[in-house]
Amino acid sequence: MQQMMGSHNYCHNHPKRAAFYKCENCGEYFCDKCILTSGDGRPVCRGCAVQLGWPNTRSGGLTAVGIIAIIFGSIGVLSIFFVLMSQKLVKNLSRGAEYETMQKLSEGPIAMFFLIFTACTWILLLCSGIGLLKLKRWAFGAVVTYCVLDVFQIAVNMIRTFSILDSIPPFMRGMIVGSLVGSAALGLALAVLFLVFITRPAIRTQLRA
Ligand SMILES: [Zn+2]
Ligand SMILES: [Zn+2]
């Protein structure tokens, strides 16, 4: 591989990493993480390698995030089925305060719309993961859309639960607020991490987004 040792250039994708290679396709400078070698030893950056149709031009980071999106998306879709099943169980088993609380939270057109909305965001995350692994350009938009919908969903869920908090029996409030805050923190962390990752130049280059 043609190296340019001692170069004072920095990687086009990583402003802090020294660039030892010049892509023969686009002419930009890249670090060793961002450059691939053709069969005859020509250095080409990952973005150009994707455009040139080279196989296996996906970075380890993108693969990892794609798999994480698929895992979380699958768990989310499964959790929707779990919620639907637990609603049926609660209906059959108890008629006490727990039942009335569950009924307030899970029945009615708003709750149903919310459940379908949540299911759609999980399916979107699952599809985003598949798109990332296949280096599809639309995966970029899909991930950003998921993050926006995720934050919106967390906000609506918070408002909805706190608006009926007074009518929830005191012994259940701690559990309901605890699980709400826990899932909101996890959801927000996931959305922020996805956004920070997907907007990195090296990732956008690979997705051509
Ligand atoms: Zn290039
Ligand atoms: Zn680099």
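Cut-offs and rules
Residues numbered from 1 in each chain as written. Chains lettered and ligands numbered in written order. Predicted model: local features only at pLDDT ≥ 70, side-chain atom pairs only at ≥ 80, totals over all residues. Helix = DSSP H or I, 4+ residues; strand = E, 2+ residues; numbered from the N terminus. pLDDT = per-residue confidence, 0-100. Expected span 1.5 Å × (residues − 1). Buried ≥ 20, exposed ≤ 12 C-beta atoms within 10 Å, placed from the backbone. Core = buried A, V, L, I, M, F, W, Y, C linked by C-beta atoms within 7 Å. Domains from an automatic or database assignment. Contact = placed C-beta atoms within 7 Å.

Tallying secondary structure elements over the chain gives 7 helices and 4 strands in all. Overall, the chain shows an N-to-C arrangement of helices and strands of β-β-β-β-α-α-α-α-α-α-α.

What follows is about the confidence of the model for the chain. For the chain, the mean per-residue pLDDT works out to 85, and 88% of the residues sit at or above 70. Per-residue pLDDT, averaged within each element of the chain, yields its smallest value for helix H3 (residues 97-106) (69) and its largest for helix H5 (residues 138-163) (93).

Here we come to helix H4 (residues 109-133). Since the α-helix packs 3.6 residues into each turn, any two residues three or four apart lie on the same face. In this model H4 runs 36 Å from its N-terminal to its C-terminal C-alpha over 25 residues, within 8% of the 36 Å that 1.5 Å per residue would give. After H4 finishes, the residue Leu-135 shows a positive phi value of roughly 55 degrees.

Let us look at unusual backbone geometry. In the Ramachandran plot, Leu-135 falls in the positive-phi region, its phi being about 55 degrees despite a non-glycine side chain. Tracing the backbone through its elements, the reader meets Leu-135 in the loop between H4 and H5. In this structure Leu-135 comes out as partly exposed when scored by C-beta crowding, with 16 C-beta atoms within 10 Å.

Counting 35 residues, the largest nonpolar core has Ala-19, Phe-30, Cys-34, Ile-35, Cys-45 and Val-143 as its most contacted members. For this core, the element with the highest residue contribution is H5, accounting for 6 residues. Residues from two domains meet in this core; each of domain 1 (1-57) and domain 2 (60-207) gives at least three.

Quick look at helix H6 (residues 170-198) now. Between the first and last C-alpha of H6 there are 42 Å, a value that for 29 residues agrees with the 42 Å anticipated at 1.5 Å per step. Taken as a whole, H6 has its buried residues at Ala-191, Phe-194 and Ile-198. Against the buried residues of H6 lie H5 and helix H7 (201-207).

Bringing the environment of Tyr-10 into the picture now. For Tyr-10, the position within the fold is in the segment before strand E1 (21-22). Once the C-alpha coordinates of Tyr-10 and Tyr-29 are considered, the two residues, 19 residues apart in sequence, prove to be 6.7 Å apart.

On to the environment of Ala-209, then. Residue position: Ala-209 is located in the segment after H7. A residue is classified by how many C-beta atoms lie within 10 Å of it, and Ala-209, with 16 of them, is partly exposed. The spacing of Ala-209 and Ile-198 is 11 residues in sequence and 9.6 Å in space, taken between C-alpha atoms.

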